[in-house]
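Fold and contact review
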Amino acid sequence: MFIYYRNGCGVSFLLNFVICDDTHSESIRGIIEPIIDELNIGRIVMVEKSPDKVVEYIKNNKAATVYFLDIELNSSINGIDMARLIREKDSSSYIVFITAYEKFAFLTYKYKLNVVDYIVKPVNKNDVIYCIETICNLEKEKKFIKDDEDKKDYILNIKSGWKQYRIDARDIIYIEVIKNKIIIHIETGQISFFSTLKDVRDKLTSVGVDSIMVCHKSYMVNIKKISCIDKNDVIMINGDRCPLSRRYKRGIVDAFNS
Amino acid sequence: MLLIVNFFMSLIMGIMFYISVIKLSSYEFNKKNAIGFIFCFAFFNALIRSCKYYDNVTSLLKIFAVLVVIIFFANVFIIKNIIKSFYYSVLIYTVALINDSILGLLMIKIFNIPLNEAQNNILYMTIANLSVLCMTYFTIITMKYIWDKKKIIAQINKNGAYILFALIIFIVTAANILVYNKYIEMIDSRFILINILITTIYTLLTIAIHRAYSNLAINEQENKQLKAYINMAEELIDEYRRVRHNTHNIIESASAFIKANDMEGLKEHLSSVIERQNKINKNYIAPLYKIAHPGIKSLLYSKIGKMEELSLNINIEITTTMSDIKVNVSDLCEVLGVFLDNSIESAALTQDKYIELCIFEDHRCYTIIIKNSYDMSKKKEGNGIGLKTVKSILKEYPNILNNTIIDEKYYTQELLIKKQK
């Protein structure tokens with residue numbers, strides 16, 4: 001799994017909420033405030049009509065924050081610009097867009113700027129509740145990841161495209177190199193990125209994994225995920241075949257049998 | 001006497017031409033046409049051959065005259081299409097000429113038959129002509145076989161085809177010039193001049209024709225795909241007209257209610273309008289207008305059609321034109337086709353029936369995300385072949401990353417195409 005998710009654990013956390021909307025900021029506050037009070041997950045620290053102070057806040061902020069940003073601000077910068085600014089500063093804050101148009105490119109921003117959700121004006125209470133619940137769940141997940149991070153064992157952080165992936169090295173089945181591309185195969189998918197086999201090997205060593213061994217000049221296999229070894233191939237538990245070169249055969253076979 | 005012998009030889013040549021044309025063009029055999037063609041051709045060919053001038057220039061002219069005769073009778077008797085008969089005749093005649101010269105070489109240099117005898121002894125002439133017939137026939141069969149295959153080859157490696165083509169032109173030109181450089185002192189200067197002229201024209205013409213043809217093939221493919229898109233755009237315009245018409249009606253009747261001060265009626269009217277509005281299908285095809293390449297456009301169009309057929313919950317967002325992707329579009333289409341087919345198939349098996357397609361760009365790369373609801377227990381076998389194709393295609397592109405993420409509910413395919421700097 002890429003994300004460790006456990007249900008039903010009462011984790012306490014405090015989030016700061018920032019609202020920026022040039023027309024309805026107070027009414028939005030009126031909807032949000034009771035919800036977060038009830039859930040006891042934080043407080044509203046800023047309600048603004050113009051983005052200037054919010055930008056100031058973004059620049060200095062270090063706490064985990066939920067931003068409710070109106071996209072169509074009557075100002076030199078709009079909500080999307082602010083979201084970009086936030087992402088430049090930190091990746092952990094939550095962004096929710098408020099918009100009058102239902103048909104704006106949400107998916108794109110969701111992927112690009114990691115926007116949690118968007119709310120269409122006039123703001124509906126149920127939408128806000130759903131959105132805040134989503135944020136709570138995400139925050140809970142994050143807490144667990146942080147807990148895991150304290151151990152720091154076996155976790156590889158890999159950046160592929162616009163996204164950061166966390167891979168438990170023990171889940172790796174095999175690693176493949178095609179020219180400048182590295183493809184890590186896991187039971188639940190594959191992640192590829194630009195790097196070299198040497199870098200990956202160093203990374204694996206640094207997180208303390210020794211079960212992943214080189215079996216070919218462009219393949220590494222996880223000994224614990226081998227199903228059987230053929231004359232020239234290593235057959236993995238998901239049925240994929242990795243070539244086995246003579247140079248590494250002995251080592252792989254020995255490790256597999258022990 | 002000479003005329004009769006020539007007529008006999010021309011008959012053999014006529015039969016050869018007839019068989020080859022039939023083989024190449026896949027026209028049906030017809031006894032009447034066959035006899036007509038062979039006899040007419042033989043007669044005129046014999047006449048030309050009996051012409052008693054043998055200097056270099058006249059020989060060349062004779063060859064041209066024979067060609068004209070073949071084209072004419074092929075057009076009259078067999079194909080009835082001047083361009084096609086021209087094409088086939090020139091082709092077969094070229095093959096026959098090459099075979100003829102090979103045979104001449106064999107007879108004179110290897111079997112040591114004197115040139116004079118080879119050209120006058122009836123037995124030798126018959127054997128030679130029959131051999132040319134057989135050789136030409138086999139060459140034509142081989143060519144046809146290769147052509148049927150070549151369609152695939154050309155698709156696989158266009159660059160290779162270009163290089164090969166250029167190489168062939170070069171070899172022909174170079175060989176020709178080498179030969180004449182060697183014999184330049186022996187040959188009539190008029191003939192050399194004609195040869196240089198012909199070689200130059202040959203080179204220029206072949207290049208021009210090849211370019212025109214390759215452009216044509218690309219245009220034809222795009223044309224087909226564009227047609228599909230235009231049809232779809234027209235449907236959209238139609239729908240837009242309908243919507244505009246409806247809106248007009250709604251406003252008209254609403255204002256009538258207001259004029260009559262009938263608030264209850266207005267309420268009823270508007271609620272019925274809203275209900276109807278909700279029933280109108282969302283249009284998923286509209287986002288496609290952004291995509292610049294007609295191939296990708298029409299592929300997505302057909303896949304969206306498939307999604308709608310299966311009544312999936314579709315979420316599509318395209319915010320980029322994908323205009324300067326450094327990927328062979330047919331490869332990209334193949335990859336997207338496999339991903340979308342797999343997604344549609346497995347989304348249809350789930351309860352949510354959710355499918356999401358998002359294409360966007362940032363300063364580093366183009367991103368294509370295909371996400372669908374996914375049920376582990378209802379995993380379908382047989383996706384493997386498609387994904388294998390994808391893998392082998394992506395191997396060729398160091399600038400494309402492919403991530404697959406499977407979690408409890410969703411299956412996500414990401415394709416990241418790095419922008420070239």
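Here the residue index of a chain counts from 1 through its sequence in written order. As a convention, the first chain written is A and the first ligand written is 1, with the rest following in written order. In view of the model being predicted, local features appear only for residues whose pLDDT reaches at least 70, and side-chain atom pairs are presented and counted only at 80 or more, with totals across whole chains, interfaces and linings using the full set of residues.

Things to note about the overall build of chain B
The cut-off we apply is this: Segments assigned H or I by DSSP are reported as helices when at least four residues long, segments assigned E as strands when at least two residues long, and all are numbered from the N terminus. The burial label depends on the number of other C-beta atoms within 10 Å of a residue's C-beta. Counts of 20 or more mean buried, 12 or fewer mean exposed, and intermediate counts mean partly exposed, with C-beta atoms placed from the backbone.
Of the regular secondary structure elements, chain B holds 12 helices and five strands. A burial count over chain B gives 23% of its 421 residues as buried.

Some thoughts on the overall build of chain A
Basically, it comes down to this: Any residue pair is listed as a contact if its two C-beta atoms, each placed from the backbone, are within 7 Å.
In terms of helices and strands, chain A carries seven helices and 15 strands. Long-range pairs, those at least 24 residues apart, make up 56% of the contacts in chain A with a sequence separation of at least 6.

Observations concerning the packing of helix α1 (residues 2-25) of chain B against helix α2 (residues 31-49) of chain B
Residue and element names in this part refer to chain B. Let me state the cut-off plainly: In this description, a line fitted to the C-alpha atoms serves as the axis of each element, helices being fitted only across the stretch in contact, and the angle between N-to-C directions of two axes falls anywhere from 0 to 180 degrees. Working definition: roughly parallel below 35 degrees, roughly antiparallel above 145 degrees, roughly perpendicular at 65 to 115 degrees, and oblique for all remaining angles. Less than a right angle of anticlockwise turn of the near helix away from the far helix marks a crossing as left-handed, whereas a clockwise turn marks it as right-handed.
Where α1 contacts α2, the axes come no closer than 7 Å and their chain directions differ by 135°. One element, α1, and the other, α2, form an angle in the oblique class. The way α1 lies across α2 gives a crossing that is right-handed. Taking contact as the criterion, the partners of Leu3, Asn6, Phe7, Ser10, Leu11, Met13, Gly14, Ile15, Phe17 and Tyr18 in α1 are, on α2, Ala34, Phe37, Ile38, Phe41, Ala42, Phe43, Asn45, Ala46 and Arg49.

Digging into α1 of chain B
Convention followed: Helices are assigned an expected span. That span is 1.5 Å times one less than the residue count.
Its 24 residues give α1 of chain B an end-to-end C-alpha distance of 34 Å, which sits within 8% of 34 Å, the value for a rise of 1.5 Å per residue. Immediately beyond the C-terminal end of α1 of chain B, within one or two residues, lies Ser26 of chain B, with a positive phi of roughly 50°.

What about the pairing of strand β2 (residues 42-48) of chain A?
Residues and elements named next belong to chain A. Formally: Whether two strands pair comes down to DSSP finding at least two bridges between them. A crossover gets the label right-handed when its path from the first strand over the helix to the second runs clockwise, viewed with the strands pointing away from the viewer.
Direction of pairing for strand β1 (residues 15-20) relative to β2: parallel, over a ladder of six bridges. If you follow Leu15 over to β2, its bridge partner there is Gly42. What joins β1 to β2 is helix α1 (residues 25-39), and the crossover it makes is right-handed.

Comments concerning the packing of α1 of chain B against helix α4 (residues 82-110) of chain B
Residue and element names in this part refer to chain B. At a minimum axis separation of 10 Å, α1 and α4 run at an interaxial angle of 120°. Regarding the angle of α1 to α4, the classification is oblique. Seen along the crossing, α1 lies across α4 with a hand that is right-handed. In this structure, α1 uses Met16, Phe17, Ser20, Val21, Leu24 and Ser25 to contact α4, whose residues at the interface are Lys84, Tyr88, Ile92 and Ala96.

Digging into the sheet that holds β2 of chain A
Adjacent strands of a sheet form backbone hydrogen bonds with each other and so pair up, either parallel or antiparallel. Residues and elements named next belong to chain A. Taken together, the five strands give an open sheet; going across it, the order is β2-β1-β3-β4-β5, and neighbouring strands pair in parallel fashion. For this open sheet the edge positions go to β2 and β5 (117-120), each flanked by a neighbour on one side alone. The sheet shows a mean angle of 20° between the axes of neighbouring strands, direction not considered. For strand β3 (residues 65-70) and strand β4 (residues 94-99), the ladder comprises five bridges, and the chain directions are parallel. Across the sheet, residue Val66 finds its bridge partner in β4, namely Tyr94. Here α1 sits on the sheet and contacts β1, β2 and β3; the angle it forms with β2, its principal contact strand, is near 175°. Packing of helix α3 (residues 79-89) onto the sheet brings it into contact with β3 and β4, and relative to β3 it is tilted by some 155°.

Regarding the interface of chain B and chain A
The interface of chain B with chain A comprises 21 residues on the first partner and 20 residues on the second. Of all the secondary structure elements, the ones that give two or more residues to the side of chain B that touches chain A are β1 (313-318), β2 (354-361), β3 (365-373), β4 (400-406) and β5 (410-418) of chain B. Looking at the side of chain B that touches chain A, the element that brings in the most residues is β4 of chain B, giving six residues. Strand direction decides the pairing type here: strand β10 (residues 189-194) of chain A and β4 of chain B, joined by two bridges, are antiparallel. Note that in β4 of chain B the partner of Gly189 of chain A across the bridge is Ile405 of chain B.

Digging into the confidence of the model for chain B
Do not read the predicted coordinates in detail wherever pLDDT is low. Heads up, the condition is: As a per-residue measure, pLDDT reflects the predictor's confidence and takes values from 0 up to 100.
In this model, chain B carries a mean pLDDT of 80, and residues with pLDDT of at least 70 account for 90%. Two summary scores accompany this predicted model of the complex, namely pTM at 0.60 and ipTM at 0.79.

Details of the confidence of the model for chain A
Chain-level statistics for chain A give a pLDDT mean of 82 and a share of 91% at 70 or above. Contacts for the low-pLDDT stretch residues 1-11 of chain A, under 50 throughout, to residues beyond four places or in other chains number 14 contacts.

Observations regarding α4 of chain B
Compared with the 42 Å implied by 1.5 Å per residue over 29 residues, the 41 Å span of α4 of chain B between its first and last C-alpha is a close match. One or two positions beyond α4 of chain B, positive phi appears at Asn112 of chain B, with a value near 55°.

Some words on the environment of Lys112 of chain A
Looking at the element boundaries, Lys112 of chain A is found in helix α4 (residues 106-112). For the pair Lys112 of chain A and Gly161 of chain A, spaced 49 residues apart in the sequence, the C-alpha separation amounts to 9.9 Å. With near-sequence residues (within four places) excluded, Lys112 of chain A lies in contact with Trp162 of chain A together with Phe360 and Asp362 of chain B.

Points about the nonpolar core
Nonpolar side chains in soluble globular proteins tend to be buried together. We apply this condition: Core membership is restricted to buried Ala, Val, Leu, Ile, Met, Phe, Trp, Tyr and Cys residues, and these are joined into a nonpolar core through C-beta atoms within 7 Å.
Val335, Cys358, Ile359 and Ile400 of chain B are the most contacted members of the largest nonpolar core, which totals 41 residues. Ranked by residues supplied to this core, first place goes to helix α11 (residues 329-348) of chain B with eight residues. Among residues more than four places away in sequence, those in contact with Ile359 of chain B are Ile318, Thr320, Met322 and Ile368 of chain B. Of all hydrophobic cores here, the second largest spans 30 residues; its members include Ile58, Phe68, Ile86 and Val115 of chain A.

So, the pairing of β3 of chain A
Residue and element names in this part refer to chain A. The buried fraction of β3 is high, at six of six residues. Along β3, one buried face is formed by Thr65, Tyr67 and Leu69 and the opposite face, lined by Val66, Phe68 and Asp70, is buried too. After leaving β3, the chain enters α3 and then returns to the sheet as β4, a path that is right-handed.

Let's talk about the environment of Leu204 of chain B
On the secondary structure map, Leu204 of chain B appears in helix α8 (residues 189-259). Considering only alpha carbons, one finds Leu204 of chain B and Ile169 of chain B, 35 residues apart in sequence, at a separation of 9.6 Å.

Thoughts on unusual backbone geometry
Peptide bonds are, in most cases, trans, and in most cases residues other than glycine have a negative phi. One non-glycine residue, Asn114 of chain A, lies in positive phi territory at about 55°. When you line up the elements, Asn114 of chain A lands in the loop between α4 and β5.

As for the sheet that holds strand β14 (residues 233-236) of chain A
All names here are of chain A. Spatially, the three strands line up as an open sheet ordered β13-β14-β15, and their pairing is antiparallel. Because the sheet does not close on itself, it has two edges, and the strands there are β13 (226-229) and β15 (241-243). Recorded for the sheet is a direction-independent mean angle of 25° between the axes of neighbouring strands. Of the pairings in the sheet, the one linking β14 to β15 comprises three bridges and is antiparallel in character. Of the residues in β15, the one forming a bridge with Ile235 is Arg241.

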